[in-house]
Each structure stands twice: as C-alpha cells, then as structure tokens.
Amino acid sequence: MSLTKTERTIIVSMWAKISTQVDTIGTETLERLFLSYPQTKTYFPHFDLHPGSAQLRAHGSKVVAAVGDAVKSIDNIGAALSKLSELHAYILRVDPVNFKLLSHCLLVTLAARFPADFTAEAHAAWDKFLSVVSSVLTEKYR
Amino acid sequence: MSNFTAEDKAAITSLWAKVNVEDAGGETLGRLLVVYPWTQRFFDSFGSLSSPSAIMGNPKVKAHGVKVLTSLGEAIKNLDDLKGTFGQLSELHCDKLHVDPENFRLLGNVLVTVLAILYGKEFTPEVQASWQKMVAGVASALASRYH
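Residues numbered from 1 in each chain as written. Chains lettered and ligands numbered in written order. Predicted model: local features only at pLDDT ≥ 70, side-chain atom pairs only at ≥ 80, totals over all residues. Heavy atoms only, no water.

What follows covers the packing of helix α1 (residues 5-18) of chain A against helix α3 (residues 54-72) of chain A. Each pair of packed helices can be described by the angle between their axes along with the distance between the axes. Residues and elements named next belong to chain A. Between α1 and α3, the shortest axis-to-axis distance is 10 Å and the interhelical angle comes to 135°. Looking at the two axes, α1 sits oblique to α3. Once α1 is placed against α3, the crossing between them reads as left-handed. On the side of α1, the interface is formed by I11, V12 and W15, while α3 contributes V64, V67, G68 and V71. In the contact of α1 with α3, the residues fall into six nonpolar, one polar and no charged. (Axes fitted to C-alpha atoms, helices over the stretch in contact; angles between N-to-C directions. Helix = DSSP H or I, 4+ residues; strand = E, 2+ residues; numbered from the N terminus. Parallel < 35°, antiparallel > 145°, perpendicular 65-115°, else oblique. Left-handed = near helix turned anticlockwise from the far one by under 90°. Contact = heavy atoms within 4.5 Å. Nonpolar A, V, L, I, M, F, W, Y, C, P; charged D, E, K, R; others polar.)

Rendered as structure tokens:
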C-alpha cells in the first residue's frame, strides 16, 4: 500500500494546521485511547494516566511528533521511522492490534478539531497514511 | 456483553437526539465506501461509485445510509437488549447479504468519526468511549446469529 500524490498533498497541507496544536492533539488522542480502549493502559503501568498528567502530555507530544516526522518524510516513511520501528519490535513490543486503535483515536481527534478539512477524501488519506505508519512500526516484529 | 452505565446511556441518547439522520446517514455510509473501498463489493447495484464525489453524491448511498442509521436509532432505544433487537437483522446479514461482520466494526468507527466532525469539542473522550461501546455492541449483536 503506498500513498498517491493527491493523498500526500492532503496530508502535508493539513499537517501545517495540525502542527500548531501538536501538544493538545497528542494528549487528547491518548485520553481517547485509554477511555475507549482501557486495555491499552496495560502498556503504561509506570505512568500517571490522569487527565492533565505531565507524563500523558509528554508522551502525547512524542507520539504526534513522530507522526510529524513521517509527514515530513512522506516519500520515505520507512527510513524516517526506522529507529522507532526497531524500538517497537525489540523493546516495546506493543501488540499490532493497538496501532489501529491509536490511529482511530488520532483520526477522531483530528476530525473533531478540523471538521471542515476532514472531508471524505481527507479521511481516506489519513486512514491510509496512519495504516502505512503502523505497518512501518510493526514490520520488524518477526 | 456491553454493559451500559447510566452515563453511557445519557451520552448516547442525548447526542443521538441532535443527529440529523438524513445527513449523517449518507455521510457515514459514503465515507465507509470511500475510506474502505473494498466495502463497495456489497453495492454493485448502486450505480456510480467511481470517485469520492460520486460516492458522496450518490442518492442510493444516501438512502441506504439513512436506512442503516434509522435502524441504529432503534437500537439506541433498546441498549439493554441489542441482541434481541438485532436478531433478525443478524440472520439477514448472514444468510442473505453475506456480510463479513468486520464490516460492522468498520462502519461503527466511521460513524464515530462522523459524530466527531459534527459535534467537535462536545464529542469528548468520555462521550466517544460510550459510543465505542455502543457501536461494538451493535456489531456484536449483528454478528450474534451468524453460523
């Protein structure tokens, strides 16, 4: 699965808006994840997951920044996320099913914040893009 | 299976009361067909599905979307017995329509996304969580009589 030119244009242009709210988007995405899919909290026993927690904010920013890295290297996401891919394969070992859950929560966050931009076409482009990112992050699992 | 708390029910019913099923139906089914094009396999008789704009503007897609969301509206009145409410529809989807239940999960998530677009900030993480329970319950009920 690879992104068409149109899809890349949509992602990159929306990112310009998104990048101004990186911190809050990250936090909101994780809040949505932990509330809708409580089992995902099992990966964070060492975290304070209460809304407003500094750890939640920091981690949310990290996640969205990584998505930003993928956007900036949208022609070669594999290379951009290579280290993260290794991290997830050998250290974090998050079950692959969770990437879909996180992707969905990020999509919902974007849809809520940028309703006018989130056309059907944009929705499709983002869903595909996050699917590609998820594939990259799990490609070294076995 | 899905145990809806009083808060869940309140979040679901109060939001649903605001939804315009005419608009949301077409939007939801249309987006399913755009975002997950393989779902078009069930709709060969719907005419042109050749582009996002063709799909989103297709009157048959809109009409069918309204049908689906209307049915969901019925479910919302019976949150404590989704399996009962959807028993016959489950048989229909298995025996006549031959729909892989995975499609119910996809549609549910598209609906959640559409609600986020429509209600923005009001679609808080807590409200979303109630709705995820709802769409998971519906998907499960629709799959319950598969054999």
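Residues and elements named next belong to chain B. In the UniProt entry, the feature "binding site: heme b" is given for H64 and H93. A compact arrangement is adopted by the annotated residues: their sequence extent is 30 residues, whereas the largest C-alpha distance between any two is 14.5 Å. Relative to the elements of secondary structure, H64 occurs in helix α4 (residues 59-76). The class of H64 is partly exposed, set by a relative accessible area of 26%. When sequence neighbours within four positions are dropped, the list of residues in contact with H64 reads L29, F43 and F46. By the element assignment, H93 lies in helix α5 (residues 82-96). For H93, a relative accessible area of 16% puts it in the buried group. Every residue in contact with H93, bar those within four places of it in the chain, is listed here: H98, V99, F104, L142 and Y146. (UniProt positions renumbered as here; feature names shortened; annotations may be inferred. Buried < 20%, exposed > 50% of the residue type's maximum accessible area, 1.4 Å probe, protein only.)

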